[in-house]
Amino acid sequence: PGVGSFYRWQGKVEEAAEALLIIKTAAARFEAVQKRIKELHSYELPEIIAVSITAGSKEYLDWIADNTK
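These remarks concern the structure in this document. Quantities reported herein were computed from a predicted structural model and do not represent experimental measurements.

Let's shift gears to the pattern of salt bridges. All chains considered together, the criterion is met by 4 salt bridges. Among the salt bridges present, the one from Asp66 reaches Lys69, with a minimum N-O distance of 3.8 Å. Look at the salt bridges and you will find they share partners, linking Lys35, Arg36 and Glu39 into a network.

What follows is the structure, given as structure tokens:
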């Protein structure tokens, strides 16, 4: 909670208070996660992006891999 968003939508500049959700998963699961977000989200065009991990601690990356099977 507490993220302020300013964006252009349907020709108008909009302002909204939003919550930022970060979902950690494997790249192979992106399509399934994206599909589910679209099913649940109230926005016509929710922000769904993938951010690649280029580095991280081995233990943490192993934890993500173990928990996204």
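Next, the rest of the story.
On to the side chain of Thr68. Position of Thr68 relative to the elements: it lies in the segment after α2 (58–67). Here Thr68 falls in the buried class, since its relative accessible area comes to 13%. Of the polar contacts made by the side chain of Thr68, one reaches the backbone oxygen of Ile64; its length is 2.8 Å.

Right, let's get into the side chain of Ser5. On the secondary structure map, Ser5 appears in strand β1 (residues 3–9). Take Ser5: its relative accessible area is 14%, and that puts it in the buried class. With residues near it in sequence (within four places) discarded, Ser5 still touches Glu14, Glu15, Ala16 and Glu18.

Of note in the backbone geometry, Gln10 takes a positive phi value of approximately 50° without being a glycine. Within the secondary structure, Gln10 is located in the loop between β1 and β2 (12–18).

Right, let's talk about a nonpolar patch on the surface for a bit. A grouping of Ile53, Tyr60, Leu61 and Trp63 is seen on the molecular surface, where their side chains present a nonpolar patch of about 390 Å² in accessible area. Its location among the elements puts Trp63 in helix α2.

Note: β1 against β2, 7 bridges, orientation antiparallel. Across the sheet, residue Val3 finds its bridge partner in β2, namely Glu18. Linking β1 to β2, which pair antiparallel, is a turn of 2 residues; within it Gln10 sits at a positive phi near 50°.

Quick notes on the rules
- Residues numbered from 1 in each chain as written.
- Predicted model: local features only at pLDDT ≥ 70, side-chain atom pairs only at ≥ 80, totals over all residues.
- Heavy atoms only, no water.
- Salt bridge = Lys/Arg side-chain N within 4 Å of Asp/Glu carboxyl O.
- Helix = DSSP H or I, 4+ residues; strand = E, 2+ residues; numbered from the N terminus.
- Buried < 20%, exposed > 50% of the residue type's maximum accessible area, 1.4 Å probe, protein only.
- Polar contact = N/O pair within 3.5 Å; in protein donor to acceptor, adjacent residues only side chain to side chain.
- Contact = heavy atoms within 4.5 Å.
- Patch = residues over 30% accessible without salt bridge, like charges linked within 9 Å, V, L, I, M, F, W, Y side chains within 5 Å.
- Areas by Shrake-Rupley, 256 points an atom, 1.4 Å probe, with all protein chains shown as cover.
- Pairing = 2+ DSSP bridges.

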